[in-house]
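Tertiary structure, described
Here's the letter readout for the chains.
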Amino acid sequence: MTKSSTPGLLLRGATLLTMDSVLGDITDGDLRIEAGRITAVGKSLAARPGDEVIDAHGMLALPGLIDTHTHMWQGPLKGLGAAMWGMADYHQHIFSLREKLSAEDMHDAAFATGVEMLDNGITTVLDFCHNVMSQAHAARSIDAHRKTGQRVLFCYGMLGNLQTLEADHAWRLAQVRSLGADMDASPDALVRLGMALGSLEYTGLEMFEVEARIARELGLPMSFHQNVAGQVHQLEAAGLLGPDLLPVHCNPALDAELALLASHGCGISFTPESEVGDGRSTRVMARAHRAGVTPSLGIDVPSRVALDLFSQMRLTFWLIRNEEAEAERAAGRWPLTRYPGVPFIQPRHLLEYVTVNAARAVGLGDQLGRIAPGCIADVILLRPGAYSPSLGDPAAHVVLQSTTADVDTVIVGGRVRKREGHLLDVARSDAVAATRRMRERLFS
Ligand SMILES: [Zn+2]
C-alpha cells in the first residue's frame, strides 16, 4: 500500500492556528493526518476512501500544548501547597515528602497527572522527575507514561536524597545508560528519555559536569533548575551551555547571562505561577524574550498549580504587560501611548511559548509544535466557549478567553485521544482511583 492511499484522518473547516511562519492562520481550513504525521494543510482537501473525517467547523485547531517543566509526582498532592509562602514552606511541606513516595506512588502519580494534562490539551510534557529514589521509581514512572499515551520527555532526576547524592550517583548514571540503550529515541516515540541534572547548589559543578557529559554522550536532552545567581556564568566558564540544556526559572539571571544563553541557542522554561508563589521576581521573562532566549512555560508544581497551560499563558501575558506599563509610568509616560516596540508582548507570543518554542525545548523543534506538512500530528481542537467567540485575532481568544473546558478534541501522534469532550482509551475514573491509592498509602 502506498502512503498516498493510507486511510487518514481529515479535520475539516477549523480556524487553523498553524504556528507556522509560512502558513499562518487559515480560516475554514482542513488538515490531513496519515501515519502519525500531518501530511496536508489547506482549504477544501479532498477526502479519500476510508478517511475518518472530523467536522471542526466553528472550532480552533492548534498544535497540542507543550509543558516544559512539571514534577508529575506531585499531581495527587494537589492543594497541599496552596497558599504557601516562599521556598521554605515548599521545602518543608512538599519537597520533604519525596522520600516517602514508593515506586507505586510514582506510577500512580505520573498516570493521574498525565491523564489530567491530556484532558486539558497538554499533549507533551517534560516530566522533571526529581524523585528517583530507587531504580523502580524511574521504571514505574515510565510504565505509567506508556499507559497514558501522552507524549513525554521523561527527564531522569539526578537529585535524589540530598544526604546520599554522591553515594547514589553511580547507580543513577548506570540506570540512565541502561534506559538510554533500551528506549526508543526516535522523534515519534511517545516516551523519550532526557536527564534532569542535579541542581548546582546541591551537587556542585563536578557532579553536574559528569551528568552533562553522559547525557550528551547518549544524546539526551537536559534540563536543570537555575535558582541561584551566577550559575549561567559558571556553566559558560565550564563550557557546558548548549541548545540541549534547558534552564528552568532563571529569575536571578543578569542581562549578560541572558545574552550568553541566546548566543548558545538556549531556551528558558518559565513557570510563572510557581515562581510568583515562591515570591521570586518574574521580570526575567520579558528580558529573556527581548534578548533572544526562546521562552517556554511549565506548571512546575501541581501541588499548588492547576494542570492548565491556558492559565499560565494568560498570567504570563498580563505579568509582562503590567511590567511594561510600570516602566512607562516610571519614565513619566502617562497616560500610556503606543510607540514602536511598546507594548512589546502580544497574545500570540504566548501561544509560541507553548508550541514552537516548547518543541525546541524538548528537542523536537523541527518536528513538533506546528500544524504543517511533515510535522508530528499532535493537534487540539478548541470550542470557542459556550457563548460568543472573540472578535479579531483567534490567538488572542486562546490566550485571553479559552479554558480547559473548551478542549473538545485531543490528537497525539495522529491518534484521537479525546473527542467531543470525552477522553478515549483512558478514563478519568482511573486517574481519580490512582490519586486515591497514592493518597491512602501516603497519608494513612
Ligand atoms: Zn521545578
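In this report, we go over the structure that sits alongside the text. (Residues numbered from 1 in each chain as written. Predicted model: local features only at pLDDT ≥ 70, side-chain atom pairs only at ≥ 80, totals over all residues. Heavy atoms only, no water.)

1. With respect to the overall build of the protein chain
Selection rule: To qualify as a helix, a DSSP run of H or I must reach at least 4 residues; to qualify as a strand, a run of E must reach at least 2; elements of each kind are numbered from the N terminus. Radius of gyration here uses only the C-alpha atoms, and the compact-globule reference equals 2.2 Å multiplied by the residue count raised to the power 0.38. Only protein chains enter the accessibility calculation, which uses a 1.4 Å probe. A residue is then buried if its area is under 20% of the maximum for its type, exposed if over 50%, and partly exposed in between. Here, two residues are considered to be in contact whenever any of their heavy atoms come within 4.5 Å of each other. Charge assignment: positive for Lys and Arg, negative for Asp and Glu; neither His nor the chain ends contribute. To locate a charge, take NZ of a lysine, CZ of an arginine, CG of an aspartate or CD of a glutamate.
Within the protein chain one finds 13 helices and 17 strands. Here the C-alpha atoms of the protein chain give a radius of gyration of 21 Å, agreeing with the 22 Å that 2.2 N^0.38 yields for 444 residues. Here the C-alpha coordinates of the protein chain stretch approximately 60 × 60 × 45 Å along the principal axes. For the protein chain, buried positions account for 57% of its 444 residues. Considering only residue pairs separated by 6 or more positions, the protein chain has 74% of its internal contacts joining residues 24 or more positions apart. Of the charged side chains in the protein chain, 41 are positive and 51 negative; the average position of the first set lies 3 Å away from that of the second.

2. Quick look at the coordination of the zinc ion
The expected angle between donors at a tetrahedral four-coordinate metal is 109.5 degrees. At an octahedral six-coordinate metal it is 90 or 180 degrees. Going by this rule: Note on donors: an N, O or S atom is included if it sits within 2.8 Å of the metal, or within 3.2 Å for Na, K and Ca, and water is never included, so sites can look incomplete. For four-coordinate sites, all angles between 85 and 135 degrees define a tetrahedron; for four- and six-coordinate sites, opposite donors beyond 155 degrees with the remaining angles between 65 and 115 define square planar and octahedral shapes respectively, and all other cases count as irregular.
With distances of 2.1 to 2.4 Å, the protein atoms coordinating the zinc ion are His 69 (NE2), His 71 (NE2), His 225 (NE2) and Asp 300 (OD). Each of the 4 donor atoms around the zinc ion contributes to a set of angles spanning 84 to 174°, which defines the coordination as irregular. Counting gaps between the donor residues of the zinc ion yields the pattern H-x1-H-x153-H-x74-D. Judged by its relative accessible area of 0%, His 69 falls in the buried class.

3. Here's the deal with helix α13 (residues 428-443)
Stated formally: Expected span of a helix, by definition, is 1.5 Å for each gap between consecutive residues, and there is one gap fewer than residues. Each direction from the helix axis to a C-beta atom contributes to the arc, which is the arc of those directions.
With 16 residues, α13 ought to run about 22 Å at 1.5 Å a step, and its terminal C-alpha atoms sit 22 Å apart, in line with that. Those residues of α13 that fall on the buried side of the exposure criterion are Ala 431, Ala 434, Thr 435, Met 438 and Leu 442. Seen along its axis, α13 keeps its buried residues to an arc of 95°; they face one direction. If you follow the buried residues of α13, they end up packed against α2 (103-119).

4. A short note on the environment of Arg 98
To keep things clear, this is the line we draw: Side-chain atoms alone can form a polar contact between residues adjacent in sequence; in general such a contact is a pair of N or O atoms within 3.5 Å, and within protein one must be able to donate a hydrogen while the other accepts it.
Considering the arrangement of structural elements, one finds Arg 98 in the loop between α1 (86-93) and α2. Looking at Arg 98, the relative accessible area reads 1%, which means it is buried. Once the C-alpha coordinates of Arg 98 and Leu 62 are considered, the two residues, 36 residues apart in sequence, prove to be 36 Å apart. A polar contact is formed between the side chain of Arg 98 and the backbone oxygen of Leu 159, at a distance of 2.8 Å.

5. Structural notes on the packing of helix α9 (residues 284-291) against helix α10 (residues 309-330)
Two measures define how a pair of helices packs: the angle their axes make with one another and the distance between the axes. Quick note on the threshold: Geometry is summarised by axes, namely lines fitted to C-alpha atoms with helices restricted to the contacting stretch, and by angles between N-to-C directions that run from 0 to 180 degrees. Here the word oblique covers every angle except those under 35 degrees (roughly parallel), over 145 (roughly antiparallel) and from 65 to 115 (roughly perpendicular). For this classification, the nonpolar set comprises Ala, Val, Leu, Ile, Met, Phe, Trp, Tyr, Cys and Pro, the charged set comprises Asp, Glu, Lys and Arg, and every other residue, Gly included, is treated as polar.
Between α9 and α10, the shortest axis-to-axis distance is 9 Å and the interhelical angle comes to 90°. Our classification of the angle between α9 and α10 gives roughly perpendicular. Across the interface between the two elements, Met 285, Ala 286 and Arg 290 of α9 pack against Thr 316, Leu 319, Ile 320, Glu 323 and Glu 324 of α10. Of the residues that constitute the contact of α9 with α10, the class distribution is 4 nonpolar, 1 polar and 3 charged.

6. A word on the side chain of His 397
By the secondary structure assignment, His 397 is in helix α12 (residues 394-400). Leave out the neighbours within four places in its chain, and His 397 touches Leu 60, Pro 384, Pro 389, Ser 390 and Ser 402.

7. Regarding the nonpolar core
Definition in use: Grouping buried Ala, Val, Leu, Ile, Met, Phe, Trp, Tyr and Cys residues that are joined through side-chain atoms within 4.5 Å yields what is termed a nonpolar core.
Residues Leu 62, Tyr 156, Leu 261, Met 313, Leu 351 and Val 398 are the most contacted members of the largest nonpolar core, which totals 91 residues. It is helix α5 (residues 200-218) that contributes the most residues to this core, 6 residues altogether. Residues Leu 11, Leu 31, Met 59 and Ile 371 belong to the second largest nonpolar core, which totals 21 residues.

8. Comments concerning the packing of helix α4 (residues 165-182) against α5
Taken N-terminus to C-terminus, the directions of α4 and α5 make an angle of 10°; their axes are 11 Å apart at the nearest point. One element, α4, and the other, α5, form an angle in the roughly parallel class. Here Leu 165, Glu 166, His 169, Leu 173, Val 176 and Arg 177 of α4 lie close against α5, whose contacting residues are Tyr 202, Thr 203, Met 207, Val 210, Glu 211, Ile 214, Glu 217 and Leu 218. Residues belonging to the contact of α4 with α5 are distributed by class as follows: 8 nonpolar, 2 polar and 4 charged.

By themselves, these observations are geometric and do not establish any function.
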